[in-house]
Amino acid sequence: EQVTIGLHGKELFRDAEIKINFGRRYGLIGSNGSGKTSLLAAIAARELPIPDHIDMWFVHKEAEPRKITALQSVIDIGAKEFQRLEELTTKLMEEDAEGNMEIIEAIGDKLDHINPEHFEARAANILWGLGFTTAMMNKNTEDMSGGWRMRVSLAEALFQEPTLLVLDEPTNHLDLGACVWLEEYLAQYPATIIM
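Residues numbered from 1 in each chain as written. Predicted model: local features only at pLDDT ≥ 70, side-chain atom pairs only at ≥ 80, totals over all residues. Heavy atoms only, no water.

Engineer: What is the right way to look at the sheet that holds strand 3 (residues 25-26) in this model?
Structural biologist: What holds strands together in a sheet is hydrogen bonding between their backbones, with the strands either parallel or antiparallel. An order of 3-6-5-4 is seen for the 4 strands of this open sheet, with the pairing classed as parallel. Each of the sheet's edge strands pairs with one partner strand only, and the pair in question is strand 3 and strand 4 (56-59). Pairing geometry for strand 5 (residues 164-167) and strand 6 (residues 192-194), over 3 bridges, is parallel. Residue pairing in the sheet places Leu164 in a bridge with Thr192 of strand 6. (Pairing = 2+ DSSP bridges. Helix = DSSP H or I, 4+ residues; strand = E, 2+ residues; numbered from the N terminus.)

Engineer: Which parts of the structure should I look at to understand the pattern of salt bridges?
Structural biologist: One side chain can pair with another of opposite charge once the charged atoms of both are near each other. By the definition in use, this model includes 6 salt bridges. One salt bridge in this structure joins Lys67 and Glu142, with 3.1 Å as the shortest N-O distance. Linking Lys67 in the loop between strand 4 and helix 2 (70-96) with Glu142 in the loop between helix 5 (134-137) and helix 6 (146-160), this pair joins segments that are 75 residues apart in sequence. Assessed through its relative accessible area of 69%, Lys67 is described here as exposed. One salt bridge connects Lys91 with Glu95, and the closest N-O pair in it is separated by 4.0 Å. Residue Lys91 and its partner Glu95 are both found in helix 2; the two are separated by 4 residues, about one turn of the helix. Lys91 gets classed as partly exposed once you look at its relative accessible area, which sits at 47%. (Salt bridge = Lys/Arg side-chain N within 4 Å of Asp/Glu carboxyl O. Buried < 20%, exposed > 50% of the residue type's maximum accessible area, 1.4 Å probe, protein only.)

Engineer: Got a minute to help me understand the pairing of strand 2 (residues 10-16) in this structure?
Structural biologist: Walk down a regular strand and you will see the side chains alternate between the two sheet faces. Relative to strand 2, strand 1 (residues 3-7) runs antiparallel, the two being bridged by 4 bridges. Along strand 2, the bridge assignment pairs Ile5 with Phe13.

Structure below.
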């Protein structure tokens, strides 16, 4: 409630009420400079009261150019998330297993869903949907254009499947086939999307 956002002295939103419900898809529509990206950035920075246990991913810039393949970059994101969730479960159990049981069960369901044995196949499937060939999946991100690194960034987010997926103009660097695939993928997305 009473959300006010300004940028460079210009007031974008004043005393607005923002409700984000689990499982919904939200699309922000407005002219250039109306504050869409600023609102997404505020949400991603948790400037709004989003509970800490809600994991979030903000796709707004391309993946870093590194000596790592697109496929490995996506797999590494999954491995880091799997480790983070295991550590969080341990911490929550040590703090108050009974009081944190609901969150622990939700994390357990997510851990079951992101089985490390399937990381490579899932990552390749997402990259393929975004237009990557097998050769391109095995190309280092440092050897890719900004548009292809943006696709890698999008693939990392989709692979992680955060509870709150925040996308800033995700189709800017996609061809028609990848746009159609992304639309179908997001239609089945199991959590919340704001774009």
